[in-house]
Amino acid sequence: MNKSRGHFYAILTICIWATTFVSTKILLTDFKPIEILFIRFLIGFVALIIIYPKRLPHTTKSQEYYFIAAGCTGICLYYLLENIALTYTSASNVGVLISVAPFFTGLLSIIFFKEEKMSLNFILGFIIAMVGISLISFNGNRVEVNLVGDLLALIAAFLWAIYSLLIKKISTFGYHTIGTTRRIFFYGLLIMIPALFLFNFQFDLDAIIRPINLFNILYLGLGASALCFITWNFSVKILGPLKTSVYIYLVPILTMITSAIILHEEITIYSLFGMLLTLFGLLLSEKKHLFKGDSHGNRK
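The numbering scheme is per chain: residues are counted from 1 as the chain's sequence reads. Local features in this predicted model are restricted to residues of pLDDT 70 or higher, and side-chain atom pairs are both shown and tallied only at a pLDDT of 80 or more, whereas totals for entire chains, interfaces and linings draw on every residue. Side-chain numbers come from the whole structure's heavy atoms, not from hydrogens or water.

This brings us to the pattern of salt bridges. For salt bridges, the criterion is a side-chain nitrogen of Lys or Arg within 4 Å of an Asp or Glu carboxyl oxygen. Throughout the structure, instances matching the rule amount to three salt bridges. Ionic pairing is found between Arg210 and Asp30, a salt bridge with its closest N-O pair at 3.2 Å. One end of the pair, Arg210, is in the loop between helix 10 (205–208) and helix 11 (211–239); the other, Asp30, is in the loop between helix 2 (20–27) and helix 3 (33–51), with 180 residues separating them in the sequence. In this structure, the salt-bridge partner of Lys32 is Glu35, at a minimum N-O distance of 3.2 Å. Burial classes follow relative accessibility: with a 1.4 Å probe on protein chains only, a residue under 20% of its type's maximum area counts as buried, one over 50% as exposed, and anything between as partly exposed. Note on Lys32: relative accessible area 28%, which makes it partly exposed. Helix and strand assignments come from DSSP, with helices taken as H or I runs of at least 4 residues and strands as E runs of at least 2, each series counted from the N terminus.

See below:
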């Protein structure tokens, strides 16, 4: 497949995911995090059935285990832990720690996919990008550590790295990407059901059909869930989990720009400098050759 398509899909996905905080913030007025999470993926699941109603060909038991694991890590646990982390620690801490996902992806890729290696460029790019993301997220404010919340955010980042590697493996099964994404959504929703009782889930139809809520829940369900998981999975299939995960660095930048446009938040000198560092880190991580003698660390 054309790698330019993979990069396009990754950028498109990140552009949408970076704006979801606005919709989520609006919906949190009337809904709990677990309600937003379950409803958005339920809408996404129904949309995928409509778009691709064909059943997957007969799968093996081992293949189903991969689908279950992907649904558990990327759909259920990642979002649940991220939301729970936000109740213990600051959004800034969570934003920075979630951005560690590409590094975890690199470590796991070395272990499970021998052809995927972290080059010196990738490591230096990661360090530079994390400095930039920290400047954007904390914006000159004092960093406050919360062990429970920060640890949950770090675990969420690790789970996303696992999900990306699972998607790489699932892409080798030869099934249609929309069909496999739909199967992953199904298991994610199924595993999420116990959490509905734990967090006192309520289905308030009157609140859902209010125009502003309906628009935002459809945006999350159809755009950020159904569309974005298809495009992300396509990107992982084409580029591999390591190259695709690097685009996560763009989320804080796009969130900052969206906040300035929609919420009229000020862009400070810290944010601007952080944005430049993050972009440089991303470009450095994606670059194959920069330093001589780095040929053994190139990613394919």
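Now for helix 14 (residues 269–286). An ideal rise of 1.5 Å per residue puts 26 Å on 18 residues; helix 14 measures up with 26 Å between its terminal C-alpha atoms. For helix 14, every residue scored as buried is listed here: Ser271, Gly274, Met275, Leu277, Thr278, Gly281, Leu282, Leu284, Ser285 and Glu286. A helix is expected to reach a length of 1.5 Å times the quantity of its residues less one.

A word on the packing of helix 2 against helix 11. Axis geometry follows a simple rule: fit a line to the C-alpha atoms, using only the stretch in contact for helices, then measure angles between N-to-C directions, giving values from 0 to 180 degrees. Direction vectors running N to C along helix 2 and helix 11 enclose 140°, while the axes themselves pass 9 Å from each other. Regarding the angle of helix 2 to helix 11, the classification is oblique. Read as a crossing pair, helix 2 and helix 11 show a hand that is left-handed. From helix 2, Thr20, Ser23, Thr24, Ile26 and Leu27 reach across to helix 11, where they touch Ile212, Asn213, Asn216, Ile217, Tyr219, Leu220 and Ala224. Polar here means any residue other than Ala, Val, Leu, Ile, Met, Phe, Trp, Tyr, Cys and Pro, which are nonpolar, and Asp, Glu, Lys and Arg, which are charged; Gly is therefore polar. Classifying every residue of the contact of helix 2 with helix 11 gives seven nonpolar, five polar and no charged. Geometric relationships in this document are graded by angle, where less than 35 degrees denotes roughly parallel, more than 145 denotes roughly antiparallel, 65 to 115 denotes roughly perpendicular, and other angles denote oblique. Crossing handedness is read from the near helix: turned anticlockwise from the far helix by less than a right angle, it gives a left-handed crossing, and turned clockwise, a right-handed one. Any two residues having at least one pair of non-hydrogen atoms within 4.5 Å are treated as being in contact.

On to a nonpolar patch on the surface. Think of a patch as exposed residues, more than 30% relative accessible area, with no salt bridge, where like charges cluster within 9 Å and nonpolar side chains (Val, Leu, Ile, Met, Phe, Trp, Tyr) cluster within 5 Å. For the area figures, the Shrake-Rupley method with a 1.4 Å probe applies, and any residue is considered shielded solely by the protein chains shown. A contiguous nonpolar surface patch, about 410 Å² in accessible area, is contributed by Phe186, Leu190, Ile193 and Phe197. With respect to the helices and strands, Phe197 occurs in helix 9 (residues 177–198).

Relative to the helices and strands, Ile26 is located in helix 2. Using a relative accessible area of 28% as the deciding quantity, one classes Ile26 as partly exposed. Residues Ile26 and Leu77 lie 51 residues apart in sequence; the distance between their C-alpha atoms is 23 Å. Not counting the four nearest positions on each side in its chain, Ile26 is found in contact with Ile212, Asn213 and Asn216.

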